[in-house]
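Listed here are the chains, written in short residue letters.
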Amino acid sequence: MADLFDEPAIAERASEIGAAILEARSLRLTDIAAEMEEESDAGYKRIQRFLKAADPRLALWRLFQEDAEFVIGDPTEIERPQAWRTAYVGKLKDGKTRGFWALILATPYRGRAIPCGVITYSSKTIAQNADSRNLNHFRAFVY
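A.B. asks: Run through the packing of aromatic side chains, naming residues and quoting values.
C.D. replies: Under the definition given, this model contains 2 aromatic pairs. When the ring of phenylalanine 5 is compared with that of phenylalanine 50, the centres are 5.6 Å apart and the planes differ by 70°; the resulting orientation is edge-to-face. On the criterion of sequence distance, the pair formed by phenylalanine 5 in the segment before helix H1 (8-24) and phenylalanine 50 in helix H3 (residues 40-53) is long-range, its members being 45 residues apart. Both residues of the pair, phenylalanine 5 and phenylalanine 50, belong to the buried class. Plain terms: the ring middles of tryptophan 101 and tyrosine 121 are 5.6 Å apart, the flat faces sit at 25° to each other, and that makes the pair stacked.

A.B. asks: Requested: an account of the pattern of salt bridges, with residues and values cited.
C.D. replies: When the charged atoms of two side chains lie near each other, side chains of opposite charge can form a pair. Under the defined criterion, the tally for this structure stands at 4 salt bridges. For glutamate 16, the salt bridge goes to arginine 13, with nearest N and O atoms at 2.5 Å. Linking glutamate 16 with arginine 13, this pair stays in helix H1, spanning 3 residues, or about one helical turn. Using a relative accessible area of 24% as the deciding quantity, one classes glutamate 16 as partly exposed. For arginine 46, the salt bridge is made with glutamate 38, and the minimal N-O distance between the two is 3.5 Å. Look at glutamate 38 and you get exposed, because its relative accessible area is 64%.

Cut-offs applied
Residues numbered from 1 in each chain as written. Predicted model: local features only at pLDDT ≥ 70, side-chain atom pairs only at ≥ 80, totals over all residues. Heavy atoms only, no water. Phe/Tyr/Trp six-rings, centres within 6.5 Å; stacked < 30°, edge-to-face > 60°. Helix = DSSP H or I, 4+ residues; strand = E, 2+ residues; numbered from the N terminus. Buried < 20%, exposed > 50% of the residue type's maximum accessible area, 1.4 Å probe, protein only. Salt bridge = Lys/Arg side-chain N within 4 Å of Asp/Glu carboxyl O.

Here it is in structure tokens:
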């Protein structure tokens, strides 16, 4: 994490959060906080303070390999059926299930795909911004 974040304190916090993500096998903040030391409320607050102090997306771009011949893009549907009042959640391809898409960009490195970028979008955000899925994909590459 020291290579991804400039400040040692932020790199240390990122390391703690990264270990909790691996332990939780989830990206939900509540699941991550539950795997951190101390009570989950304290872990949740540490995650929130980290996200205010650092931009993980910029850190991911440091993993991008410019000399790679290609970039892998994987649009993934993420279901959120319980999120009725969440502003960024829309309908998925089936037209019924609530959720959003995450476009994960990865760079190939020694036979592995190393994530280096991510954007999220949904049918609701596309309608609000009057754009398209293709424009969101393009936005991922010029971020």
